[in-house]
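# Close look at the chain arrangement
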Amino acid sequence: GNSVTQMEGPVTLSEEAFLTINCTYTATGYPSLFWYVQYPGEGLQLLLKATKADDKGSNKGFEATYRKETTSFHLEKGSVQVSDSAVYFCALSDRRAAGNKLTFGGGTRVLVKP
Amino acid sequence: EPEVTQTPSHQVTQMGQEVILRCVPISNHLYFYWYRQILGQKVEFLVSFYNNEISEKSEIFDDQFSVERPDGSNFTLKIRSTKLEDSAMYFCASSETPSAYEQYFGPGTRLTVT
């Protein structure tokens, strides 16, 4: 079956530091890949997505590139802010499946200190 | 901005009791989901629902679980006889169409079974 593995946290950074969160996946088909973010007390929000190999998703200064050869979708941001403190989830969906369900990684908590 | 809402935010119940978790999806969305996250573990898919029937369900979604869209706005998850291991955060999500990439998540209901 499909699975997603992402680096464990917490990740603690200073403001303006570079952030990388590693994500790798296993899938039988051709999945779409996502990063979701969960701010304290809120639900999961879609941060960015990529639907095919070599696509780059980007939003709010975050980027991730769909790498089929390494089955990876690492999240990066060049200069983090305190407001980026949250839990980040990597996920995939196999849109050929009837239910279009999301398969999530374990989440990575990021704490950015001023 | 439209959002998915869930009630209650926290539910405490005794083992063996029935609970109903409620969700109001975004009004023009047609596809609905339930996920859960046991503390410290991954977000797991439970069930997807479209056109008044279940599209897909996971192994977790056994006979103790049921979903219903009782009216035009609510989407509910019922657990008939709760177990200690049902303690988790339950997230509702909705999407505009079955093939839409983005699922919009609610803030979750924390269920504690004692």
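First things first, this report covers the structure right here in the doc. (Residues numbered from 1 in each chain as written. Chains lettered and ligands numbered in written order. Predicted model: local features only at pLDDT ≥ 70, side-chain atom pairs only at ≥ 80, totals over all residues. Heavy atoms only, no water.)

## Regarding the sheet that holds strand β1 (residues 5-7) of chain B
Residues and elements named next belong to chain B. Going by this rule: When DSSP locates at least two bridges between a pair of strands, those strands are taken to pair. Put simply, DSSP marks the helices as runs of H or I at least four residues long and the strands as runs of E at least two long, and each gets a number from the N terminus on. Every angle, taken between N-to-C directions, lies between 0 and 180 degrees, and every axis is a line fitted to C-alpha atoms, over only the stretch in contact when it is a helix.
Read from one edge to the other, the open sheet built from four strands follows the order β1-β3-β8-β7, with strand pairing classed as antiparallel. The two strands at the open ends of the sheet, each matched to only one other strand, are β1 and β7 (65-68). Within this sheet the neighbouring strands show an average axis-to-axis angle of 20°, counted without direction. Judged from the five bridges that link them, strand β3 (residues 19-24) and strand β8 (residues 75-79) form a sheet pairing that is antiparallel. Across the sheet, the residue bridging to R22 is T76, located in β8.

## Things to note about the sheet that holds strand β8 (residues 62-65) of chain A
Residues and elements named next belong to chain A. Strand order in the open sheet made by the four strands is β3-β9-β8-β7, with antiparallel pairing throughout. This sheet does not close on itself; its edge strands, each paired only once, are β3 (19-21) and β7 (56-59). In this sheet, adjacent strand axes meet at a mean angle of 15° when their direction is disregarded. Where β8 and strand β9 (residues 75-77) come together, three bridges link them in antiparallel fashion. Along β9, the bridge assignment pairs E63 with E76.

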